[in-house]
Amino acid sequence: MSVERVDRKNGTVWRVRWRDSTGRARSQVLGLKRDAEAFDAELKRRRRTGELSLMEAGQETLDAYVGGTWARAYAADLRPRTRQNYASSYDRHIGPRLGQMQLREIDAETIATFQGDLIRDGVKPHAIRKAMILLGAILQRAAEGRRIPYNPQRVVRKARLPQGTEVRPLAPVTVERLRAELDPRSAALVSVMAYGGLRPGEARTMDWSEVRDRSLVVNAEKTGQRRSVRLLDALAVDLAAWRDDAGSPVNGLAFPAADGTVWTANAFEKWRRRCFVPAVTAIGLPDARPYDLRHSFASLLLHEGRSVIYVARQLGHGAELTMGTYGHVIDELEDQPQISADAAIAEARAALNGHRPR
């Protein structure tokens, strides 16, 4: 076993050489000398203890590992939508390029080349980032299962994502114009997202039992956590009207599918295309998305003068993400008079109806 320095055009790497239990020459390239020395020391320890053969399990291909051990042991615990997204990313990007390689052959340089190929092939930056994260998760499990000595993806720098566009929350008057274009069910759904801050997935699975006198209890599938959201007066009115129209029981889904079951993500996507898109197009906002309504709720709270911590708690994510997403909104409201969310919605509804609020 030995550690040797290798100078390449894109920098220096370190190669560890050894012979497996059959006498065949093996090697592993690492980016840092200390990692190479640690790997070499581990090889020597495993040879002394008879464990070296365990590392040779890396002879199986990535496809074989993912389709066998990883799918059975780890992917089964993922949510259906996550499994679907992972399968799509693997089948489109990872499998065709790396699937036939043995696990032990996938080193940091291979992964860096994989990322570079995706960039040159014109794959969108966010799709590249997802593929890199998925590959790293797979290799981490392989390392934990002692099929490979370490996760080489961890030492590869991910390509930078392009700077995101600033979110532009829809003002209450715009939300009300949108609601006026929709049927009662869709209008109520828009209210839940715009005046309750629920993600589309949270709105799809909302239950009437979660609607309290002054709050909504949200079961966030994305984070696996529950949170309590303040129930604005306008949203309480809209939900009561929708429950009366739908004849819904005290308990049960607020927006069930036609057969009474949970409204699926695919069914929601059909609603978006058939109902939401025509409505936002009619009011001159063809690029608006259902998720953008969540930003409207955040803006209403910030306009009240609420703290970033309060807004983050209402939205169900961290204060740092809230500040990064809505920092420009906070700056724009710096010198503006504060107005309660309920008053802002009341004014918007009054304006749409052509009279002043009391």
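What you see is a predicted model; the values in this text were computed from it and never measured.

## Considering the overall build of the protein chain
For step 1, the next point in the chain: For the protein chain, the helix and strand inventory stands at 15 helices and 5 strands.
For step 2, the next point in the chain: A burial count over the protein chain gives 42% of its 358 residues as buried.
For step 3, the next point in the chain: Long-range pairs, those at least 24 residues apart, make up 61% of the contacts in the protein chain between residues at least 6 apart in sequence.
For step 4, the next point in the chain: Of the roughly 19500 Å² of accessible surface on the protein chain, a fraction of 48% belongs to carbon and sulfur atoms.

## Here we look at the nonpolar core
For step 1, the next point in the chain: With 51 residues, the main nonpolar core has L178, L216 and L239 as its most contacted residues.
For step 2, the next point in the chain: Looking at this core element by element, the count peaks at 8 residues for helix 8 (residues 184–196).
For step 3, the next point in the chain: Each residue touching L239, except ones within four places of it in the same chain, is listed here: V192, M206, W208, V211, L216 and L231.

## With respect to the sheet that holds strand 3 (residues 25–30)
For step 1, the next point in the chain: A sheet is described by the order of its strands in space; here 3 strands give the open sequence 1-2-3, paired in antiparallel fashion. Both outer strands of the open sheet, strand 1 (2–8) and strand 3, are each paired with one neighbouring strand and no more. With direction set aside, neighbouring strand axes in the sheet form an average angle of 30°.
For step 2, the next point in the chain: Pairing of strand 2 (residues 11–19) with strand 3 involves 6 bridges; the strand directions are antiparallel. Each bridged residue has a counterpart across the sheet, and for V16 the counterpart in strand 3 is Q28.

## A word on the pattern of salt bridges
For step 1, the next point in the chain: Counted according to the given criterion, the structure contains 21 salt bridges.
For step 2, the next point in the chain: Its salt-bridge partner being D40, residue K44 comes within 3.1 Å of it at the nearest N-O pair. Taken together, the residues span about one helical turn, with K44 and D40 both in helix 1 (residues 33–49) at a distance of 4 residues.
For step 3, the next point in the chain: Under the relative-accessibility criterion, K44 is labelled partly exposed at 38%.
For step 4, the next point in the chain: For E202, the salt bridge is made with R199, and the minimal N-O distance between the two is 2.5 Å.
For step 5, the next point in the chain: Under the relative-accessibility criterion, E202 is labelled buried at 5%.
For step 6, the next point in the chain: Residue classification places R199 among the buried positions, given a relative accessible area of 7%.

## Remarks on helix 8
For step 1, the next point in the chain: Taking 1.5 Å per residue as the helical rise, helix 8 with its 13 residues ought to reach 18 Å, and the 17 Å between its terminal C-alpha atoms agrees with that figure.
For step 2, the next point in the chain: The buried count for helix 8 comes to 11 of 13 residues, which makes it a mostly enclosed element.
For step 3, the next point in the chain: Of the residues making up helix 8, those classed as buried are S186, A187, A188, L189, V190, S191, V192, M193, A194, Y195 and G196.
For step 4, the next point in the chain: Among the residues trailing helix 8, G197 stands out with phi positive, at a value near 70°.

## What to know about the confidence of the model for the protein chain
For step 1, the next point in the chain: Residues at a pLDDT of 70 or more form 90% of the protein chain, whose mean pLDDT is 86.
For step 2, the next point in the chain: Here helix 2 (residues 52–55) stands out as the element of the protein chain with the lowest mean pLDDT, 54, in contrast to helix 8, whose mean of 96 is the highest.

## Overview of the packing of aromatic side chains
For step 1, the next point in the chain: Throughout the structure, instances matching the rule amount to 7 aromatic pairs.
For step 2, the next point in the chain: Measuring from ring centre to ring centre gives 6.2 Å for W242 and F255, while their planes differ by 10°; the resulting arrangement is stacked. With W242 in helix 10 (residues 233–246) and F255 in the loop between helix 10 and helix 11 (265–282), the pair connects residues that are 13 residues apart, well separated along the chain. Considered together, W242 and F255 belong to a single accessibility category, that of buried residues.
For step 3, the next point in the chain: Where F268 meets W271, the ring centres are 5.2 Å apart and the plane angle is 40°; that geometry is what we call tilted. Within this pair, F268 and its partner W271 are both found in helix 11, separated by 3 residues, close to a single helical turn.
For step 4, the next point in the chain: Residue F268 is classed as buried on the basis of its relative accessible area of 7%.

## Examining the pairing of strand 1
For step 1, the next point in the chain: Alignment of strand 1 against strand 2, held across 7 bridges, turns out to be antiparallel. The residue bridging E4 from the neighbouring strand is R15, located in strand 2.
For step 2, the next point in the chain: Counted along the chain from strand 1 to the antiparallel partner strand 2, the turn is 2 residues long.

## Points about the packing of helix 7 (residues 172–180) against helix 8
For step 1, the next point in the chain: Look at helix 7 against helix 8: their axes get within 9 Å of each other, and the N-to-C directions meet at 160°. Judged by the angle between their axes, helix 7 and helix 8 are roughly antiparallel. The handedness of the crossing between helix 7 and helix 8 comes out as right-handed. Taking contact as the criterion, the partners of P172, V175, E176, L178 and R179 in helix 7 are, on helix 8, A187, V190, S191, A194 and Y195.
For step 2, the next point in the chain: Across the contact of helix 7 with helix 8, the residue classes tally to 7 nonpolar, 1 polar and 2 charged.

Definitions and limits used
- Residues numbered from 1 in each chain as written.
- Predicted model: local features only at pLDDT ≥ 70, side-chain atom pairs only at ≥ 80, totals over all residues.
- Heavy atoms only, no water.
- Helix = DSSP H or I, 4+ residues; strand = E, 2+ residues; numbered from the N terminus.
- Buried < 20%, exposed > 50% of the residue type's maximum accessible area, 1.4 Å probe, protein only.
- Contact = heavy atoms within 4.5 Å.
- Areas by Shrake-Rupley, 256 points an atom, 1.4 Å probe, with all protein chains shown as cover.
- Core = buried A, V, L, I, M, F, W, Y, C linked by side-chain atoms within 4.5 Å.
- Pairing = 2+ DSSP bridges.
- Axes fitted to C-alpha atoms, helices over the stretch in contact; angles between N-to-C directions.
- Salt bridge = Lys/Arg side-chain N within 4 Å of Asp/Glu carboxyl O.
- Expected span 1.5 Å × (residues − 1).
- pLDDT = per-residue confidence, 0-100.
- Phe/Tyr/Trp six-rings, centres within 6.5 Å; stacked < 30°, edge-to-face > 60°.
- Parallel < 35°, antiparallel > 145°, perpendicular 65-115°, else oblique.
- Left-handed = near helix turned anticlockwise from the far one by under 90°.
- Nonpolar A, V, L, I, M, F, W, Y, C, P; charged D, E, K, R; others polar.

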